[in-house]
Amino acid sequence: MEKDLYQHPDYYLVDELLTDEHKLIRDSVRKYVKKEISPIIEEYAQKAEFPKQIIKGLGDLGCFGPFIPEEYGGMGLDYISYGIMMQELERGDSGVRSTASVQGSLVMYPIFKFGTEAQKQKYLPKLAKGELMGCFGLTEPDFGSNPSGMLSHYKDAGDHVILNGSKMWISNAPFADIAVVWAKDEQDEIRGLVVERGMKGFSTPETHGKWSLRASATGELVFDNVKVPKENIFPEVKGLKGPLTCLSSARYGIAWGALGCAMDCYDTALRYSMQRIQFDRPIAGFQLTQKKLAEMITEITKSQLLNWRLGVLRNENRATPAQISMAKRNSCDIALKVAREARQILGGMGITGEYSIMRHSMNMESVVTYEGTHDIHLLITGMDVTGINAFK
């Protein structure tokens, strides 16, 4: 890949809305991405392998659960800081952000929010450092957008339960040390529990043949009469409220992360268009190229303002799941469109690994689908504004 020359676009001076701490955090993560991610990520995407050597660095930077209180190993940062971190990581690669998102929002957050004090003490500090890695088991082969139909279940067996079922499309599964799993109890209520690698009957086969998120490890979770101690069950939370609360946190991170993809594609296309000479002038001077660039920066600017406002609301504990859905869908939508237009500006060079655009474009095909598809998020907004449920 070419040297990473990334500079973020800021057409409406949104930086003025950020604190000095926010900018310092962004600079630290950006420096890390330029030094440790950009030089290797294309090779790992080509190999379809996750670069596990970056885990310690991500932990040291505080990218795992930065909003978790310091007493449990987190940094106690606000949600705008979390968003900025995810934006910078996904600017590098969606697979890297996915790993951090899952660890923070889908593993650490549910343990912090729903776990016992013993569970928090046991898992959170090690997860924050990257000494333990986690994954989140909700989606099943036959139940994606409709998780309430899940078949995974457990039965009481004295001091433990016996868990059976399977989960699919699970980021981090192949190397995760623990899995936060959602399954039905004998009363048919959805409950959360922590399953540890090494428990007999628990396996994590890897998913191969992906054209998207190639530098991310994806797999299944298979539970064949797994004995899980009762102290690993979240004591209070029941129903879909548990997993959906986690998904709100993760979707919030995706809203910022996907925008990072769009910003990287725009920055790459702008720089290339100023240097690429055709018909004796830079292609940036042609009307159709300027149209593409002008539309890209307009959509990026709108998303920056939407995400910033959502971050303020989340910091005040006022952001609704429907507002988060809107931002997730919007960022993914514009990132796909910006990537496609940026690829056009680069012509044939746009499909090569010398530039990040095609990799971003392929990655976004996963990000637009996972944790709520484009259409599902549209219907969440539709239900919110009309009060009518279109899912039933």
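Everything below is about the structure printed above this text.
Reading guide: rules and limits
Residues numbered from 1 in each chain as written. Predicted model: local features only at pLDDT ≥ 70, side-chain atom pairs only at ≥ 80, totals over all residues. Heavy atoms only, no water. Helix = DSSP H or I, 4+ residues; strand = E, 2+ residues; numbered from the N terminus. Core = buried A, V, L, I, M, F, W, Y, C linked by side-chain atoms within 4.5 Å. Buried < 20%, exposed > 50% of the residue type's maximum accessible area, 1.4 Å probe, protein only. 1 Å grid on protein atoms, 1.4 Å probe; cavity = no way out; pocket = protein on both sides within 12 Å on 5 of 7 lines; lining within 4 Å. Points joined across faces, edges and corners; volume = space filled by probe spheres on them. Nonpolar A, V, L, I, M, F, W, Y, C, P; charged D, E, K, R; others polar. Axes fitted to C-alpha atoms, helices over the stretch in contact; angles between N-to-C directions. Parallel < 35°, antiparallel > 145°, perpendicular 65-115°, else oblique. Left-handed = near helix turned anticlockwise from the far one by under 90°. Salt bridge = Lys/Arg side-chain N within 4 Å of Asp/Glu carboxyl O. Phe/Tyr/Trp six-rings, centres within 6.5 Å; stacked < 30°, edge-to-face > 60°. Pairing = 2+ DSSP bridges. Patch = residues over 30% accessible without salt bridge, like charges linked within 9 Å, V, L, I, M, F, W, Y side chains within 5 Å. Areas by Shrake-Rupley, 256 points an atom, 1.4 Å probe, with all protein chains shown as cover. Contact = heavy atoms within 4.5 Å.

### Observations regarding unusual backbone geometry
Here is step 1 of the chain: If you check the backbone angles, Asp 188 has positive phi at about 70 degrees while not being a glycine.
Here is step 2 of the chain: Along the chain, the position of Asp 188 falls in the loop between strand E4 (178–184) and strand E5 (190–196).
Here is step 3 of the chain: Phi angles above zero are rare outside glycine, and Asn 317 is one such case at about 60 degrees.
Here is step 4 of the chain: As for its position among the elements, Asn 317 is in the loop between helix H7 (287–315) and helix H8 (321–345).

### Considerations on the nonpolar core
Here is step 1 of the chain: Core analysis: the largest hydrophobic core is formed by 67 residues, its most contacted members being Leu 89, Ile 111, Leu 127 and Trp 182.
Here is step 2 of the chain: The next biggest cluster of nonpolar side chains, apart from the first, holds 32 residues, and it includes Ile 297, Ile 300, Ile 345 and Val 368.

### Side note on empty space enclosed by the protein
Here is step 1 of the chain: For the coordinates displayed, the defined rule picks out three cavities of 30 Å³ or more.
Here is step 2 of the chain: Volume-wise, the largest cavity comes out at about 140 Å³.
Here is step 3 of the chain: As for the largest cavity, its lining consists of 13 residues, of which Val 14, Leu 18, Gln 87, Trp 256 and Gln 304 are closest to the centre.
Here is step 4 of the chain: Elements with a contribution of two residues or more to the lining of the largest cavity: helix H3 (79–92), helix H6 (241–275) and H7.
Here is step 5 of the chain: The element that contributes the greatest number of residues to the lining of the largest cavity is H6, accounting for three residues.
Here is step 6 of the chain: Of the residues belonging to the lining of the largest cavity, the class tally is seven nonpolar, three polar and three charged.

### Here's the deal with the layout of surface pockets
Here is step 1 of the chain: Looking at the largest pocket, its volume works out to about 1,200 Å³.
Here is step 2 of the chain: In terms of lining, the largest pocket is formed by 40 residues, of which the most central are Thr 139, Gly 144, Tyr 370, Glu 371 and Gly 372.
Here is step 3 of the chain: For the lining of the largest pocket, the secondary structure elements donating two or more residues are helix H4 (94–114), strand E1 (134–137), strand E3 (160–171), H6, H8, helix H9 (357–367) and helix H10 (374–386).
Here is step 4 of the chain: Partitioning the lining of the largest pocket into residue classes produces 20 nonpolar, 15 polar and five charged.
Here is step 5 of the chain: By volume, the second largest pocket amounts to about 360 Å³.
Here is step 6 of the chain: Residue lining of the second largest pocket: 16 residues in total, with Tyr 109, Lys 113, Thr 245, Arg 314 and Asn 317 positioned closest to the centre.
Here is step 7 of the chain: Listing elements by their share of the lining of the second largest pocket, those giving two or more residues are H4, H6, H7 and H8.

### Re the packing of H6 against H8
Here is step 1 of the chain: Contact geometry for H6 and H8: axes closest at 8 Å, N-to-C directions at 20 degrees. Our classification of the angle between H6 and H8 gives roughly parallel. Note on packing geometry: the crossing formed by H6 with H8 is left-handed.

### Re the environment of Glu 220
Here is step 1 of the chain: Take Glu 220: it is sitting in strand E7 (residues 218–229).
Here is step 2 of the chain: Sequence separation of Glu 220 and Gln 87 is 133 residues, and the distance between their C-alpha atoms is 27 Å.

### Some remarks on the pattern of salt bridges
Here is step 1 of the chain: The final tally for this structure, using the stated rule, is 20 salt bridges.
Here is step 2 of the chain: Note that Asp 333 and Lys 337 form a salt bridge whose closest N and O atoms lie 3.0 Å from each other. With Asp 333 and Lys 337 both in helix H8, this residue pair falls four residues apart, about one helical turn.
Here is step 3 of the chain: Taking relative accessible area as the criterion, Lys 337 reaches 47% and is therefore assigned partly exposed.

### Concerning the packing of aromatic side chains
Here is step 1 of the chain: What the rule picks out here adds up to 16 aromatic pairs.
Here is step 2 of the chain: Ring geometry for Tyr 79 against Tyr 82: centres 6.4 Å apart, planes inclined by 85 degrees, an arrangement best described as edge-to-face. Highlighted residues: Tyr 79 and Tyr 82, both in helix H3, separated by three residues, approximately one helical turn.
Here is step 3 of the chain: Among the residues examined, Tyr 82 registers a relative accessible area of 0% and is labelled buried.
Here is step 4 of the chain: Between Phe 202 and Phe 223 the ring centres are 5.5 Å apart and the planes differ by 15 degrees, which places this aromatic pair in the stacked class.

### Details of the pairing of E3
Here is step 1 of the chain: In this sheet, E3 lies alongside strand E2 (residues 153–156) in antiparallel orientation, the contact comprising four bridges. Looking at the pairing, Asp 156 lines up with Val 161 of E3.
Here is step 2 of the chain: The turn joining E2 and E3, which pair antiparallel and follow one another in sequence, is formed by three residues; a positive phi near 90 degrees is taken by Gly 158.
Here is step 3 of the chain: Note: E3 against E7, nine bridges, orientation antiparallel. Note that in E7 the partner of Leu 163 across the bridge is Val 226.

### Looking at a nonpolar patch on the surface
Here is step 1 of the chain: On the surface, a nonpolar cluster with roughly 440 Å² of combined accessible area is contributed by Tyr 11, Tyr 12, Leu 17 and Leu 305.
Here is step 2 of the chain: Assignment of secondary structure puts Leu 17 in the segment before helix H1 (20–47).
Here is step 3 of the chain: Here Leu 17 falls in the partly exposed class, since its relative accessible area comes to 37%.

### Here we look at the packing of H4 against H6
Here is step 1 of the chain: Packing of H4 against H6 brings their axes to within 9 Å, and their N-to-C directions diverge by 155 degrees. Here H6 runs roughly antiparallel to H4, going by the angle between their axes. Crossing hand, H4 versus H6: right-handed. Contacts from Ser 94, Arg 97, Ser 101, Ser 105, Leu 106, Tyr 109, Pro 110, Lys 113 and Phe 114 of H4 reach H6 at Gly 242, Thr 245, Cys 246, Leu 247, Ser 249, Ala 250, Gly 253, Ile 254, Gly 257 and Cys 261.
Here is step 2 of the chain: Split by residue class, the contact of H4 with H6 holds nine nonpolar, eight polar and two charged.

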